Amino acid sequence: MTEQETLMKGPGGEAVAQETLDLMRLHGVPPTSDNYEVWLAYRLGRNAALREAIDSRIAGGDSFTSEFNAQIHERFFTGLGASAQILLTGEQIARDLGQVLSLLKQTEEKSGSYGRTLESAATDLNSGLGPDQIRQVVSSLAAATLDMASHNQQLNQQLQRSSREIETLRASLESVRVESLTDSLTGLANRRMFDETLRMRIDEARAQRTEICLLLCDIDHFKRFNDTWGHHTGDQILRFLASALQAHARPDFLVARHGGEEFAVIMPRVNARIAAQTAEALRAAIQAKRLRRRSTNEDLGQVTVSVGIARLQPGDTPQGLVERADACLYASKRNGRNQVTTDATPVLYVA
């Protein structure tokens, strides 16, 4: 359970909900479920890009129209914007390929006509024609050859243009695909990429009969950092943790932002002992680091993380594995924070 979820379920949850609705009312935003989802995230400050988009709208004095509200929800919560762009780019590639195929078909027809012209000329030349008739055949053959050469030149130029356009579209498509699977703040894989990879890795582990562990970690008292130093400093801490996780990950691990201040590491072909050792090294490295606020060089103090680890068990679903790792993470927090708990740790079951 993230601190965000704990906050909303705790005694302060009602106050945050009311503040969110007050913000929406202040800016003339209808209290629909989609709009509430957007403004709750804005109020909690968990997404820098979302906060910047709304702050920019407010600073510009623009109203929150129904069109803008729908667009911002689509952009940050449904992924439909990226899907639409992928669809449109795919359609453009299909159109370009259709044009190429049409040109190739025309060339095939042109080549067939030119072949028949050559065949006819050869027959005529072998039939004992007089000089004038031979000149007519040669002239006709030369004209057909020039026409064919011109067509081939045009085809080559069109194919080069289409090839460049398709390559540009392909690069654009890849960029959109990467963006749709990446967390904009930390540069890590996002929740969508995490979900897809976890399913794939579990299937792979079962097919190859190998182990896999899932690590979830959460920044301790992250709300206190945000309240004390502001959201920009909170973003700095999130980036720091993302960098630390990547530094301790093997090339085949997937490091992802799981939500808010919670991060996940999918660890294929790793047993529980190695996973716990990796997590402990990560925890100790983060605890040993003292962060400073970039803008003022003020000492932010010590940042610590709580970690939970679960190992894939027979019959586990992706959701079940995540839930057990989350339970371990919650146990680390409940038992003092700044520690690692695995699903084999007895302290997990302490009330």
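How each quantity is defined
- Residues numbered from 1 in each chain as written.
- Predicted model: local features only at pLDDT ≥ 70, side-chain atom pairs only at ≥ 80, totals over all residues.
- Heavy atoms only, no water.
- Pairing = 2+ DSSP bridges.
- Helix = DSSP H or I, 4+ residues; strand = E, 2+ residues; numbered from the N terminus.
- Axes fitted to C-alpha atoms, helices over the stretch in contact; angles between N-to-C directions.
- Contact = heavy atoms within 4.5 Å.
- Phe/Tyr/Trp six-rings, centres within 6.5 Å; stacked < 30°, edge-to-face > 60°.
- Buried < 20%, exposed > 50% of the residue type's maximum accessible area, 1.4 Å probe, protein only.
- Salt bridge = Lys/Arg side-chain N within 4 Å of Asp/Glu carboxyl O.
- Expected span 1.5 Å × (residues − 1).
- Arc of directions from axis to C-beta.
- Polar contact = N/O pair within 3.5 Å; in protein donor to acceptor, adjacent residues only side chain to side chain.
- pLDDT = per-residue confidence, 0-100.

Looking now at the sheet that holds strand 1 (residues 212-219). Pairing within the open sheet is mixed, and its five strands lie in the order 2-3-1-6-7. A strand with exactly one partner marks an edge of an open sheet, and here the two such strands are strand 2 (254-259) and strand 7 (340-342). This sheet shows a mean twist of 20 degrees between the axes of neighbouring strands, independent of strand direction. Helix-sheet contacts for helix 11 (residues 272-287) involve strand 1, strand 3 (262-268), strand 6 (305-311) and strand 7, and the interaxial angle to strand 6 is about 170 degrees.

Using the criterion set out here, one finds three aromatic pairs in the structure. Aromatic side chains Trp-39 and Phe-64 sit 5.2 Å apart centroid to centroid with 70 degrees between the ring planes, which places their arrangement in the edge-to-face category. Residue Trp-39 is found in helix 3 (residues 33-44), and its partner Phe-64 is found in the loop between helix 4 (48-59) and helix 5 (66-78); the two are separated by 25 residues along the sequence. Comparing Trp-39 with Phe-64, the two get one shared label, buried.

Now for the pairing of strand 3. With seven of seven residues buried, strand 3 is to be regarded as a mostly interior element. Side chains Glu-262, Ala-264, Ile-266 and Pro-268 of strand 3 all project onto a buried face; the interleaved residues Phe-263, Val-265 and Met-267 project onto the opposite face, where all are buried too. Two strands pair when backbone bridges link them, and strand 1 and strand 3 are joined in this way by seven bridges, in the antiparallel orientation. In the sheet register, Cys-217 faces strand 3, and the bridge partner there is Phe-263. Both strand 2 and strand 3 contribute to a ladder of five bridges, which runs antiparallel. When the sheet's bridge partners are listed, Arg-257 is paired in strand 3 with Phe-263.

Now for the pattern of salt bridges. Summed over all chains, the structure comprises 17 salt bridges. With a shortest N-O distance of 2.6 Å, Asp-227 and Lys-223 are connected by a salt bridge. Taken together, the residues span about one helical turn, with Asp-227 and Lys-223 both in helix 9 (residues 222-229) at a distance of four residues. By relative accessible area, which is 34% here, Lys-223 ends up partly exposed. For Asp-252, the salt bridge is made with Arg-269, and the minimal N-O distance between the two is 3.3 Å. In this pair, Asp-252 sits in the loop between helix 10 (231-247) and strand 2 while Arg-269 sits in the loop between strand 3 and helix 11, placing the two residues 17 residues apart along the sequence. Ionic contacts of the salt-bridge type, sharing partners, join the residues Arg-201, Glu-204, Arg-250, Asp-252 and Arg-269 into one network.

Along the chain, the position of Ile-54 falls in helix 4. Ile-54 sits in the buried class, given a relative accessible area of 1%. Sequence spacing of Ile-54 and Trp-39 is 15 residues, and the spatial spacing of their C-alpha atoms is 9.1 Å. Non-local contacts of Ile-54, meaning those with residues more than four positions away in its chain, are made with Val-38, Trp-39, Tyr-42, Phe-64 and Ile-72.

A separate point is the pairing of strand 2. A large share of strand 2 lies buried, amounting to five of its six residues. In this structure, the hairpin formed by strand 2 and strand 3 is closed by a connection of two residues, where Gly-260 is found at a positive phi of approximately 60 degrees.

Across its 18 residues, helix 8 (residues 191-208) extends 25 Å between first and last C-alpha, which sits within 8% of the 26 Å expected from 1.5 Å per residue. All buried positions along helix 8 are accounted for by Phe-194, Thr-197, Leu-198, Arg-201, Ile-202 and Ala-205. Angular distribution of buried residues about the axis of helix 8 spans 140 degrees; they occupy a single face of the element. Relative to its buried face, helix 8 has exposed residues pointing more than 90 degrees away, namely Asp-203 and Ala-207.

Within the secondary structure, Lys-333 is located in helix 12 (residues 318-334). On the basis of relative accessibility, which here comes to 10%, the residue Lys-333 falls in the buried class. Reaching out from Lys-333, the side chain makes a polar contact with the side chain of Asp-220 at a distance of 3.4 Å.

For helix 12, spanning 17 residues, the distance from its first C-alpha to its last is 24 Å, which sits close to the expected 24 Å at 1.5 Å a residue. Regarding helix 12, the residues found buried are Gly-320, Leu-321, Val-322, Ala-325, Cys-328, Leu-329, Ala-331, Ser-332 and Lys-333. Of the residues trailing helix 12, Gly-336 is marked for its positive phi of about 125 degrees.

The next point concerns the confidence of the model for the chain. For the chain, mean pLDDT is 80; residues scoring 70 or higher make up 78% of the total. With pLDDT under 50 throughout, residues 347-351 is counted as low confidence; its partners more than four residues away or in other chains account for 13 contacts.

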